[in-house]
Number of protein chains: 2
Amino acid sequence: MDKQDRQQRIALVPTMGNLHQGHLELVKIAKQHADIVVVSIFVNPTQFGVGEDFDSYPRTLDEDVAKLATVGADYVFAPSVDAMYPVLPPPTTVLAGAISSQLCGQSRPGHFDGVGIVVSKLFNIVQPDVAIFGQKDYQQLAIIKQLVRDLSYSIEIIGAPIIRADDGLALSSRNQYLTESERQVAPILHRELQDLAKQLKGGGISQQAFESLLKDKRTRISDAGFTIDYLEVKTEALGSVVSDSTTFNIENKNIVILVAAWLGRARLLDNQLVVVG
Amino acid sequence: MDKQDRQQRIALVPTMGNLHQGHLELVKIAKQHADIVVVSIFVNPTQFGVGEDFDSYPRTLDEDVAKLATVGADYVFAPSVDAMYPVLPPPTTVLAGAISSQLCGQSRPGHFDGVGIVVSKLFNIVQPDVAIFGQKDYQQLAIIKQLVRDLSYSIEIIGAPIIRADDGLALSSRNQYLTESERQVAPILHRELQDLAKQLKGGGISQQAFESLLKDKRTRISDAGFTIDYLEVKTEALGSVVSDSTTFNIENKNIVILVAAWLGRARLLDNQLVVVG
């Protein structure tokens, strides 16, 4: 009746191109889960806000294709904007609801609406059995898992570990917006998240101490030269860690620390999962 | 890469069950376009508003299955509400935009949001090559065509002609809400649309005469005992027939007359396509 008829499993790795080692690791994971790996390269206009870096986003298709050949990707799907959006913006929208209004959704209004529609389109065009997304975009991954459940896609969604430079900076195409001196500062973000994770991991912390820790971290990151969009601690499903106004309990929970911060022209994302207690 | 790998073409006929001859004609059309015909039967809660007839909507699965066997449907997909909506309402939404805010969208707020998500789910579960929808739900058909384009589904959408009783009433599961005397009155709706179509068909009509014709029709339908939700004339794509505030031109256009009106407990829909001039 459906994809089971196919002889071969197809994996999709959606990207915006300008590929780095993080993307290539996604392809390697894809190859472990499928016979055919399709990498899409599309700088999606609907997920960029007014004044964001859509026009300047690095486009390096030839280099990307060469890199993909080295890791054995089978197909590159690199459509034009016109092909993807005969009508732009498309009247039909795919919205993620409450999960998308916080964190990056708050600093980038409409961003996840663009993600919702382009991911739906890529799923419908490529019809993969499995799709691989990086955990660096933690909220995006959660939104896509929700979309797959809510729209009944029979696609397995795999979150791939964050790939980091030797000094800990999470790899990102936007890292190239950093000046040389900013690049030296950038790994502080990861180090501060690691330190916060260590302090939360043992559990037994009061809400007051928790708030104070977060405040201290925000100060340290700001003092290092970042402009913070957010630094927050959430449950694994991006719910609040404060269960009601009077209760604070992060014992025996999987939590995630998430940060978005500007350093010069680059908006950097990072996150850290923590199993508490 | 995709559905072309399959040996057989699959058609989907989405229904809410309580099948009448109109539905069976959809199946017959489906069989002309595919090797395998899947009929879904699902009274979709997300497309019913508060106070609407979700609870009382007729559910007749055994009879439906028997009827489908007579026209050669291959599979019936009749999921439970829990299976379709593990979380209800689903946080992810599929919205149709401007086209959905007029006509039925105005009298039934949220209705087409429910249609958008359930149709997306059925497409993703059944993965058809072609899907058949009745033209009686003209606005729904237009919204689904837009959804298929905007979300890049590779599914052919076929609109099937309205099936009518001998006296002209469009077949509908909701016709059974009519009392015997209301049932005698109901065909007036179709007759008045036909009459309006005849008067518009020749063209050469002024906007004033057009408005006056519409007003007269509304009066006649109301006087017959209907409570009108809307009686409107639109372009084929559901745009305005008045191109700007001073111009009225329906010459050489495909237009559609659409009506929704209550008769007793039944909300009746009908429409009539007209090629003008």
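Procedures and definitions
Residues numbered from 1 in each chain as written. Chains lettered and ligands numbered in written order. Predicted model: local features only at pLDDT ≥ 70, side-chain atom pairs only at ≥ 80, totals over all residues. Heavy atoms only, no water. Phe/Tyr/Trp six-rings, centres within 6.5 Å; stacked < 30°, edge-to-face > 60°. Helix = DSSP H or I, 4+ residues; strand = E, 2+ residues; numbered from the N terminus. Buried < 20%, exposed > 50% of the residue type's maximum accessible area, 1.4 Å probe, protein only. Lys NZ or Arg CZ within 6 Å of the ring centre and 35° of its normal. Least-squares fit on C-alpha atoms with pLDDT ≥ 70 in both. Contact = heavy atoms within 4.5 Å. Axes fitted to C-alpha atoms, helices over the stretch in contact; angles between N-to-C directions. Parallel < 35°, antiparallel > 145°, perpendicular 65-115°, else oblique. Left-handed = near helix turned anticlockwise from the far one by under 90°. Nonpolar A, V, L, I, M, F, W, Y, C, P; charged D, E, K, R; others polar. UniProt positions renumbered as here; feature names shortened; annotations may be inferred. Polar contact = N/O pair within 3.5 Å; in protein donor to acceptor, adjacent residues only side chain to side chain. Salt bridge = Lys/Arg side-chain N within 4 Å of Asp/Glu carboxyl O. Pairing = 2+ DSSP bridges. Patch = residues over 30% accessible without salt bridge, like charges linked within 9 Å, V, L, I, M, F, W, Y side chains within 5 Å. Areas by Shrake-Rupley, 256 points an atom, 1.4 Å probe, with all protein chains shown as cover. Core = buried A, V, L, I, M, F, W, Y, C linked by side-chain atoms within 4.5 Å.

Asker: Looking at this structure, I do not really get the packing of aromatic side chains. What am I missing?
Answerer: For the coordinates displayed, the defined rule picks out ten aromatic pairs over all chains. Ring centres of phenylalanine 42 of chain B and tyrosine 85 of chain B lie 6.2 Å apart, and the angle between their planes is 35°; this geometry places the pair in the tilted category. Within this pair, whereas phenylalanine 42 of chain B is found in the loop between strand S2 (36-41) and helix H2 (61-70), its partner tyrosine 85 of chain B is found in the loop between helix H3 (81-84) and strand S4 (93-95), the two being separated by 43 residues in sequence. Using a relative accessible area of 5% as the deciding quantity, one classes phenylalanine 42 of chain B as buried. Among the aromatic residues, ring-to-ring pairing joins Phe48, Phe54 and Tyr57 of chain A into one connected group. For arginine 265 of chain B, the ring lying beneath its charged end belongs to tyrosine 177 of chain B, and the centroid distance is 4.5 Å.

Asker: So what exactly am I meant to see when it comes to the relation of the copies chain B and chain A here?
Answerer: Applying a rotation about an axis and a shift along it to one chain copy brings it onto the other copy. In screw terms, the move from chain B to chain A is a rotation of 180° and a rise of 0.0 Å along the axis, fitting with an RMSD of 0.0 Å. Between the two chains, the operation in question is that of a two-fold axis. Within chain B, valine 94 of chain B has its C-alpha nearest the rotation axis, a separation of 2.3 Å. The fraction of interface residues of chain B whose copies in chain A are also interface residues reaches 100%, indicating that both copies meet through the same surface.

Asker: Please explain the packing of helix H8 (residues 188-201) of chain B against helix H9 (residues 207-223) of chain B as it appears in this structure.
Answerer: A packed helix pair is summarised by two numbers, namely the angle formed by the two axes and the spacing between the axes. Residue and element names in this part refer to chain B. Where H8 meets H9, the axes come as close as 10 Å, and the angle between the chain directions of the two elements is 165°. On the basis of their axis angle, the class for H8 and H9 is roughly antiparallel. Our pair here, H8 against H9, has a crossing hand that is right-handed. Only Phe210, Leu213, Leu214, Lys217, Arg220 and Ile221 of H9 make contact with H8, whose side of the interface consists of Leu189, Glu192, Asp195, Leu196, Gln199 and Leu200. Residues of the contact of H8 with H9, tallied by class, amount to seven nonpolar, one polar and four charged.

Asker: What's the story with the UniProt feature "binding site: (R)-pantoate" (unreviewed entry) in chain A in this structure? I'm lost.
Answerer: All names here are of chain A. In the UniProt entry, the feature "binding site: (R)-pantoate" (unreviewed entry) is given for Gln47 and Gln140. Their sequence span is 94 residues, while the largest C-alpha to C-alpha distance among them is just 11.4 Å; these annotated residues converge on one region. By the secondary structure assignment, glutamine 47 is in the loop between strand S2 (36-41) and helix H2 (61-70). Once you skip the residues sitting within four places of it in the chain, glutamine 47 turns out to touch Met16, Glu52, Arg108, His111, Gly114, Val115 and Val118. Among the polar contacts listed, one links the side chain of glutamine 47 to the side chain of asparagine 44, at a separation of 2.9 Å. Examined against the element boundaries, glutamine 140 turns out to sit in helix H6 (residues 138-150). By relative accessible area, glutamine 140 is classed as buried at 16%. Apart from the residues within four sequence positions on either side, glutamine 140 is in contact with Phe112, Val115 and Phe133.

Asker: Got a minute to help me understand the pattern of salt bridges in this structure?
Answerer: In a structure, side chains of opposite charge can pair up when their charged atoms sit close to one another. What the rule picks out here adds up to 24 salt bridges over all chains. Across the pair glutamate 156 of chain B and arginine 9 of chain B runs a salt bridge, and its minimum N-O distance is 3.3 Å. Here glutamate 156 of chain B, found in strand S6 (residues 156-160), pairs with arginine 9 of chain B, found in the segment before strand S1 (10-15); they are 147 residues apart in sequence, far enough to count as distant. Glutamate 156 of chain B gets classed as partly exposed once you look at its relative accessible area, which sits at 39%. When the shortest N-O distance is used, the salt bridge between arginine 220 of chain B and glutamate 192 of chain B registers 3.1 Å. One end of the pair, arginine 220 of chain B, is in helix H9; the other, glutamate 192 of chain B, is in helix H8, with 28 residues separating them in the sequence. Taken together, the salt bridges that share partners define one network made up of Glu192, Asp195, Lys217 and Arg220 of chain A.

Asker: Is there a simple way to explain the sheet that holds strand S6 (residues 156-160) of chain A in this structure?
Answerer: Residue and element names in this part refer to chain A. Ordered by their spatial adjacency, five strands build an open sheet running S3-S2-S1-S5-S6, and the pairing between neighbours is parallel. Whereas interior strands pair on both sides, the edge strands pair on one side only; in this sheet they are strand S3 (75-77) and S6. Across the sheet, the mean angle from the axis of one strand to that of its neighbour is 25°, orientation sign disregarded. With five bridges joining them, strand S5 (residues 130-134) and S6 adopt parallel strand pairing. In the sheet register, isoleucine 132 faces S6, and the bridge partner there is isoleucine 158. Lying over the sheet, helix H1 (residues 21-33) contacts strand S1 (10-15), S2, S5 and S6, oriented at roughly 155° with respect to S5. Where H6 meets the sheet, its contacts fall on S5 and S6, and the angle it forms with S6 comes to roughly 170°.

Asker: Sorry if this is basic, but what is going on with a nonpolar patch on the surface here?
Answerer: All names here are of chain A. A surface patch of nonpolar side chains, amounting to about 210 Å² of accessible area, comprises Leu61, Val65 and Val76. Turning to its location among the elements, valine 65 is positioned in helix H2. Owing to a relative accessible area of 38%, valine 65 belongs among the partly exposed residues under this scheme.

Asker: Help me understand the nonpolar core, please; the structure alone is not making it clear to me.
Answerer: Nonpolar side chains in soluble globular proteins tend to be buried together. If you look at the biggest cluster of nonpolar residues, it comprises 78 residues, and the most contacted ones within it are Phe123 and Ile157 of chain A together with Phe123 and Ile157 of chain B. Contacts of isoleucine 157 of chain B, omitting those with residues within four sequence positions, involve Phe123, Ala131, Phe133, Leu141, Ile144, Lys145 and Val148 of chain B. Membership of the second largest hydrophobic core comes to 35 residues, among which are Phe48, Ile188, Ile221 and Ile255 of chain A.

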